[in-house]
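Chain by chain, the residues:
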Amino acid sequence: MVTTEARLRKYVLDYPVDLCSSADALTIIKNCWRSNMGLHIITLNAEMIMAAKQNKKLDSIIRQAGLIIPDGAGVVLALKLQGCNTRRLPGIELAYSTLEIAAKNNIAISLIGGSPEVLNYLKYSLPQQIPGLNLVYCQDGYFGADQLQTIIDNIHAQNAQLVLVAMGVPKQEYFIEKAQLGTNHAVFIGVGGSFDVWADKKLRAPKVWQDYQVEWLYRLISEPWRFERMANTLPIFACQVIFNQIKMWLTNEQK
């Protein structure tokens, strides 16, 4: 874990969030490559926070990450209640922009995760979309625990400086924690279902849904199986955020 430079860091339900734009995040990433330093980027949302509250390992990984961006609408709204004029920074967009910057700078890239079909598609489609992309190692997410160290060794052997991991939370965070141990110069980003979107296996919400911060609702409508999981986390997250903010306001009034 590294913290590359000073930036404004706030907290949502006691979890750190860095207030930065896409341009800020890309500058931090490029500085890491120039300085041969490692970085773990967390794309934080409400579900991840609630999962971390019940998972000490995930909690620790989030808190130790070098850059934590506000990926979810719930996190952004919680920050706005604190008076922070910040915008959502979707991890899928940051990851793609990072690929573009990497291609221009001949950065070695590794893709980990997704189905074999999706990964095979991306191995050929991404270099066509982004000329100069230097994919040095790709591995789908369907591997056993006995293959884990071999995959990590391959990432290190290929000297990957950008590693995108699409295995879902918290599996991708666990993988990144282990993979970081053998390298001090790679930028790791957990990208969830981004590979499926890039491979046109899943549709992302139309821009108007993104602009109104309801991309989560589009995903819920498109994938109803998410309902139970979201129903068990998002209302609790919202209530805790509101309660904490009211408590903060009352404390400030008494000072």
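Right above here is the structure, for reference.
Residues numbered from 1 in each chain as written. Predicted model: local features only at pLDDT ≥ 70, side-chain atom pairs only at ≥ 80, totals over all residues. Heavy atoms only, no water.

### Digging into the overall build of the chain
Phase 1: When you go through the chain residue by residue, the secondary structure sums to 13 helices and eight strands.
Phase 2: C-alpha atoms of the chain, sized along the principal axes, occupy 60 × 40 × 35 Å.
Phase 3: Look at the contacts in the chain between residues 6 or more apart in sequence, and 74% of them connect residues 24 or more apart.
Phase 4: By element, 54% of the accessible surface of the chain is carried by carbon and sulfur atoms, the whole surface being about 12800 Å².
Phase 5: If the 25 positive side-chain charges of the chain are averaged to one point and the 22 negative ones to another, these points end up 4 Å apart. (Helix = DSSP H or I, 4+ residues; strand = E, 2+ residues; numbered from the N terminus. Contact = heavy atoms within 4.5 Å. Areas by Shrake-Rupley, 256 points an atom, 1.4 Å probe, with all protein chains shown as cover. Lys, Arg positive; Asp, Glu negative; His and termini not counted. Charge placed at Lys NZ, Arg CZ, Asp CG, Glu CD.)

### Notes on unusual backbone geometry
Phase 1: The omega angle of the peptide bond from Val169 to Pro170 is 5 degrees, so this bond is cis rather than trans.
Phase 2: Tracing the backbone shows Pro170 in the loop between β7 (162-166) and α8 (171-180).
Phase 3: The phi dihedral of Asp14 falls on the positive side, at around 75 degrees, and the residue is not glycine.
Phase 4: Looking at the secondary structure, you find Asp14 in the loop between β1 (9-12) and β2 (15-18).
Phase 5: Positive phi values are uncommon outside glycine, yet Asn36 reaches one of about 60 degrees.
Phase 6: Accessibility expressed as a relative area gives 44% for Asn36, which makes it partly exposed. (Buried < 20%, exposed > 50% of the residue type's maximum accessible area, 1.4 Å probe, protein only.)

### Observations concerning the pairing of β1
Phase 1: Pairing analysis gives four bridges linking β1 to β2, with the strands arranged antiparallel. Note on β2: the bridge partner recorded for Lys10 is Val17.
Phase 2: Here β1 hands over to β2 after two residues, with Leu13 in that stretch at a positive phi of 50 degrees. (Pairing = 2+ DSSP bridges.)

### Here we look at the pairing of β7
Remember that side chains alternate between the two faces of the sheet whenever the strand is regular.
Phase 1: With respect to burial, β7 is a largely interior element, five of its five residues being buried.
Phase 2: Here β7 shows a buried face lined by Leu162, Leu164 and Ala166 and a second buried face lined by Val163 and Val165.
Phase 3: Bridge analysis of strand β5 (residues 108-113) against β7 gives five bridges, and the strand direction is parallel. Note on β7: the bridge partner recorded for Gly113 is Ala166.
Phase 4: With four bridges connecting them, β7 and strand β8 (residues 187-190) associate as parallel partners. Pairing of Val163 across the sheet is with Phe188, part of β8.
Phase 5: For the handedness criterion, the β-α-β arrangement of β7, α8 and β8 is classed as right-handed. (Right-handed = clockwise from strand over helix to strand, strands pointing away.)

### What about the nonpolar core?
Phase 1: Counting 38 residues, the largest nonpolar core has Leu162, Leu164 and Phe195 as the members making the most contacts within it.
Phase 2: Here this core gets seven residues from one element, more than from any other, and that element is helix α5 (residues 91-104).
Phase 3: Not counting the four nearest positions on each side in its chain, Phe195 is found in contact with Leu111, Ile112, Gly113, Gly114, Val118, Leu119, Leu122, Leu164 and Ala166.
Phase 4: Leu13, Val17, Ile42 and Met48 belong to the second-largest nonpolar core, a separate cluster that totals 22 residues. (Core = buried A, V, L, I, M, F, W, Y, C linked by side-chain atoms within 4.5 Å.)

### Some thoughts on the sheet that holds strand β4 (residues 67-70)
Phase 1: Strand order in the open sheet formed by six strands is β4-β3-β8-β7-β5-β6, and the pairing between neighbours is parallel. At either margin of the open sheet sits one strand with a lone partner, and together these are β4 and β6 (134-139). Along the sheet, successive strands turn relative to each other by an average axial angle of 20 degrees, direction set aside.
Phase 2: Packed on one face of the sheet, helix α6 (residues 116-129) meets β5 and β6 and runs near 175 degrees to β6. (Axes fitted to C-alpha atoms, helices over the stretch in contact; angles between N-to-C directions.)

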